[in-house]
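Notes for the structure review
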Amino acid sequence: MSVALALFAAAAAAATPTGYAALGAGTTGGAGGDSVTVTTGTELLAAICSRAARDSPRTIYVTETIDRCNTHVADAKQAGSSCTLSPGVLSVEGVENLSIVGLCDSHVEQIGIYVKSATNIILQNLDMSDAPLDACNRGAGIAVDAGVKNLWIDHVSISSMTEDEVPGLIDIRAGTSLITISYSAFETSTRDTCAVRTVADSLTLHHSSFTAVVGCGVAASAGKTHVYNNYFASIDNVGVNVRLTSLVRIDYNVFESVTNPFGAISVATAGKWDLYGNSFIDVAWVGEGSCNTLGGPIMKSTGSLSLPYTADMDHVDCLVPVVEATSGVHEMLLRSNFTCAAPERTDPPSTSCSTVVPKWGPCRYSPTCCASGTQCYEQNEYYAQCRPSCKNEPNWTCKVLTQPPPTDGPATTECSQWVAKYGPCLNAPSCCTTGTKCYEKDRYYAQCLTSCSGNGWSCNVLTAAAAPPPSPPSPPACARIVKEWGNCLHTPSCCTSGTKCYKQHQWYAQCRRSCSESNWSCKVLGA
């Protein structure tokens, strides 16, 4: 709790959901009705059945352990007729306006919750484990079947240690819509088990922890799914499996030590993904083939999902402590208060990778094109590099870049790329990024700056490309040797032994041993 209490706060059980569950008539569960406290599965089912009508609002609080041994469907049916009960499960079927909330040290063990033909349901603060492979749930802690609308699953912890394949700890099936899963935690033990499987028409999943999931975090095969502000870690199969006809928007999540953060795994047809603002730390992309479509290492959106709602989001830089402190069962129902908010999404023009940037190659303008096993780490606002890691590097920000610099500079058809702040602009003076101008130093050099104060500069603002200058005087002796992979545009004769200064374009050159990339001119400078 010492990780910045300002990042999250307690919330009452009456809090309302964010995302798809807030649409339509909204999801309020048993708000406005009576409440009942239960200690066994039989009492829980009886509390559902004994309401005056199937739509009478009620909140049911669970205070003890519920399991198969204390759940007797026949006894529960005698309490009333405002329910439909299926054998072997905790049925929330054919009902409306119901909340089931766990209290104290309550647990739900070796029995699942089965939701079908139900509207306005809240399942909250439930600690669930090892649901059996019965006919209804098939091993799912929560199975959501046809006819469910406005369902909110919040602050649940679900685990399964079975060696059998379980489709999903939360298994959301066809004919369902307007569902939100929030602040939850999942634990699995097999590669073939997904934490959440969905074919729902509309699902929002946020602020949940997938840090103890062996094989698969989320698998979507149909419908629209919004996955944001979740923490995926140490998954060895796939983080978000986007399959068949699904369209998944993946915003501001953290993927750490994950094999295949997103993609379409073990299926011939891939769905569509819409990416923005995610963080990828020590990830790997493996298994490309006829039944696997990997999302990386060249990461780009293949579809676009517009949301019918707005949602506050945490920035990835502070997301992990928020999720670790708030996900799963919690007596205070902690939630983020978004004091470390993510910026509003502004989609840049789409870019494509003509080639993969090799390890140690520059990636400022192509941050999603790094080779497998590397990410685009920022040194400063005008240079970044594809590297396997970047920790405590002197003079490096080590920020992982996922999009190129802003391209909202002045309109022109002459700019093939925008020149970042401090970038050279002598031959592209109208291509400086917003907030900078092309200031001249002399007839040989100009730079995109916010201001110019002299000190050996003419400070003339250039608006058109300068005529080719006469050959400059011989360069002075090298003040320092440029190391391999270092920028040598202005010191081409100073490359370390065994390397030459190869030109990428008019704004960048690098000391390298060879140059064969298709997006480089590969002209040797200073020869």
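Residues numbered from 1 in each chain as written. Predicted model: local features only at pLDDT ≥ 70, side-chain atom pairs only at ≥ 80, totals over all residues. Heavy atoms only, no water.

1. Some words on the confidence of the model for the chain
Summing up the model confidence of the chain, the mean pLDDT is 86 and the portion of residues at 70 or higher is 90%. Low confidence marks residues 1–5, where pLDDT is under 50. Its contacts with residues over four positions away, or in another chain, come to 4 contacts. (pLDDT = per-residue confidence, 0-100. Contact = heavy atoms within 4.5 Å.)

2. Regarding the nonpolar core
By size, the foremost hydrophobic cluster in this structure holds 71 residues, and its most contacted members are Leu123, Phe186 and Phe210. Ranked by the residues each element gives to this core, the list is headed by helix 1 (residues 41–49), at 5 residues. Not counting residues within four places of it along the chain, the set of residues in contact with Leu123 comprises Ile100, Ile113, Val115, Ile142, Leu151, Trp152, Ile153, Asp154 and Val156. Tyr228, Tyr252, Met313 and Val323 belong to the second largest nonpolar core, which has 12 residues in total. (Core = buried A, V, L, I, M, F, W, Y, C linked by side-chain atoms within 4.5 Å. Buried < 20%, exposed > 50% of the residue type's maximum accessible area, 1.4 Å probe, protein only. Helix = DSSP H or I, 4+ residues; strand = E, 2+ residues; numbered from the N terminus.)

3. Considerations on empty space enclosed by the protein
Here the structure, examined in full by the defined rule, presents 3 cavities of 30 Å³ or more. One number sums up the size of the largest cavity: a volume of about 90 Å³. If you go around the largest cavity, you meet 14 residues; those closest to its centre are Met299, Pro367, Thr374, Gln375 and Cys376. Looking at the lining of the largest cavity residue by residue, the classes come out as 10 nonpolar, 4 polar and no charged. The space that makes up the second largest cavity amounts to roughly 70 Å³. Lining the second largest cavity are Thr355, Val356, Val357, Pro358, Gly361, Pro362, Ser366, Gln504, Arg512, Glu517, Asn519 and Trp520. Partitioned by chemical class, the residues of the lining of the second largest cavity number 5 nonpolar, 5 polar and 2 charged. (1 Å grid on protein atoms, 1.4 Å probe; cavity = no way out; pocket = protein on both sides within 12 Å on 5 of 7 lines; lining within 4 Å. Points joined across faces, edges and corners; volume = space filled by probe spheres on them. Nonpolar A, V, L, I, M, F, W, Y, C, P; charged D, E, K, R; others polar.)

4. Quick word on the state of the cysteines
Enumeration over the complete set of coordinates arrives at 12 disulfides. Each sulfur of the disulfide joining Cys49 and Cys83 lies 1.9 Å from the other. Linking Cys49 and Cys83, the disulfide has an S-S dihedral of approximately 95° and is accordingly described as right-handed. Taken together, the residues span a long stretch of sequence, with Cys49 in helix 1 and Cys83 in the loop between helix 2 (73–77) and strand 5 (90–93) at a distance of 34 residues. Given the relative accessible area of 12%, Cys83 is considered buried. A sulfur-sulfur separation of 2.0 Å characterises the disulfide bridge that pairs Cys452 with Cys459. Here the disulfide of Cys452 and Cys459 is left-handed, its torsion about the S-S bond being about -70°. Taking relative accessible area as the criterion, Cys452 reaches 21% and is therefore assigned partly exposed. (Disulfide = S-S within 2.5 Å.)

5. Side note on the sheet that holds strand 22 (residues 231–233)
One open sheet accounts for 9 strands, arranged 4-7-10-13-16-19-22-25-28; its pairing is parallel. The open sheet is flanked by strand 4 (65–66) and strand 28 (279–281), the only strands paired with a single partner. Pairing of strand 10 (residues 127–129) with strand 13 (residues 157–160) involves 3 bridges; the strand directions are parallel. Each residue of the ladder has a partner; that of Ser129, found in strand 13, is Ser159. Its contacts with the sheet put helix 3 (residues 319–326) on strand 19 (209–212), strand 22 and strand 25 (254–256), and the angle it makes with strand 22 is roughly 95°. (Pairing = 2+ DSSP bridges. Axes fitted to C-alpha atoms, helices over the stretch in contact; angles between N-to-C directions.)

6. Overview of the sheet that holds strand 18 (residues 202–206)
Read from one edge of the open sheet, 10 strands run 2-3-6-9-12-15-18-21-24-27, paired in parallel fashion. Of all the strands in the sheet, the pair left with one neighbour each is strand 2 (34–38) and strand 27 (272–276). Across the sheet, the mean angle separating the axes of adjacent strands is 10° when strand polarity is ignored. As paired elements, strand 9 (residues 119–124) and strand 12 (residues 149–154) share 5 bridges and run parallel to each other. Bridge assignment links Thr119 to a residue of strand 12, and that residue is Lys149.

7. A few points about helix 3
Residues that lie three or four places apart on an α-helix share one face, since the helix turns once every 3.6 residues. With 6 of 8 residues buried, helix 3 lies mostly within the body of the structure. Leu319, Val320, Val322, Val323, Ala325 and Thr326 are the residues of helix 3 that are buried. Of the residues trailing helix 3, Gly328 is marked for its positive phi of about 90°.

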